[in-house]
Amino acid sequence: QVQLVESGGGLVQPGGSLRLSCAASGSISSINAMGWHRQAPGKQRELVATITWGGISNYADSVKGRFTISRDNAKNTVYLQMNSLKPEDTAVYYCNAKVIVVAQWNINDFWGQGTQVTVSS
């Protein structure tokens, strides 16, 4: 029904920057919000940042001041600009979208496949 395609992960040195993108496509009536979660080896998946389609954003304390989430409503795309990256930011980053599918009324959760971010010297 809805596909999320992520891009932008990779290897970066501590203090460096990366920009993640996630584009939603498919049977989309409307998007309520999109966001990013991450999962490091041996740890639970945690919220990184979310943004409503009205533009209200929310961040995990660990990334405030370093990461910025933004969206392009016309492209159904969300971005995560990550600056001042630290080794502890190393994880698989997953895109999430809360979507009302065409011909339905409830909000459904969709997830991307994940993109690896590795911060290491």
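Conventions adopted
- Residues numbered from 1 in each chain as written.
- Predicted model: local features only at pLDDT ≥ 70, side-chain atom pairs only at ≥ 80, totals over all residues.
- Heavy atoms only, no water.
- Phe/Tyr/Trp six-rings, centres within 6.5 Å; stacked < 30°, edge-to-face > 60°.
- Lys NZ or Arg CZ within 6 Å of the ring centre and 35° of its normal.
- Pairing = 2+ DSSP bridges.
- Helix = DSSP H or I, 4+ residues; strand = E, 2+ residues; numbered from the N terminus.
- Axes fitted to C-alpha atoms, helices over the stretch in contact; angles between N-to-C directions.
- Salt bridge = Lys/Arg side-chain N within 4 Å of Asp/Glu carboxyl O.
- Buried < 20%, exposed > 50% of the residue type's maximum accessible area, 1.4 Å probe, protein only.

## Side note on the packing of aromatic side chains
Then comes step 1: By the definition in use, this model includes zero aromatic pairs.
Then comes step 2: Here R19 stacks its cationic end above the ring of Y79, 4.1 Å away from the centre of that ring.
Then comes step 3: Positioned above the aromatic ring of Y94 is the side chain of R45, whose terminal nitrogen or guanidinium carbon lies 3.7 Å from the ring centre.

## Regarding the pairing of strand β5 (residues 46-52)
One face of the sheet, then the other: side chains in a regular strand alternate in exactly this way.
Then comes step 1: The sheet contact formed by strand β4 (residues 28-39) and β5 spans six bridges and is antiparallel. Note that in β5 the partner of G35 across the bridge is T50.
Then comes step 2: The antiparallel pairing of β4 with β5 creates a hairpin that spans six residues between the two strands, and G42 there sits at a positive phi of about 80 degrees.
Then comes step 3: Pairing of β5 with strand β6 (residues 57-59), which is carried by three bridges, proceeds in the antiparallel orientation. Paired with T50 across the bridge in β6 is N58.
Then comes step 4: Counted along the chain from β5 to the antiparallel partner β6, the turn is four residues long, and its residue G55 has a positive phi close to 105 degrees.

## Considerations on the sheet that holds strand β3 (residues 18-26)
Then comes step 1: Taken in spatial order, the four strands make up an open sheet running β1-β3-β8-β7, and their pairing is antiparallel. Because the sheet does not close on itself, it has two edges, and the strands there are β1 (2-7) and β7 (67-72). With direction set aside, neighbouring strand axes in the sheet form an average angle of 15 degrees.
Then comes step 2: Here β1 runs beside β3; their pairing, made up of six bridges, is antiparallel. Bridging across to β3, S7 finds its partner in S21.

## Notes on the pattern of salt bridges
Then comes step 1: In this structure the tally under the stated criterion is five salt bridges.
Then comes step 2: As a salt-bridge pair, D89 and R38 come within 3.0 Å of each other at their nearest N and O atoms. Placement of the pair is D89 in the loop between β8 (77-82) and β9 (91-101) and R38 in strand β4, with a sequence separation of 51 residues.
Then comes step 3: For D89, a relative accessible area of 1% puts it in the buried group.

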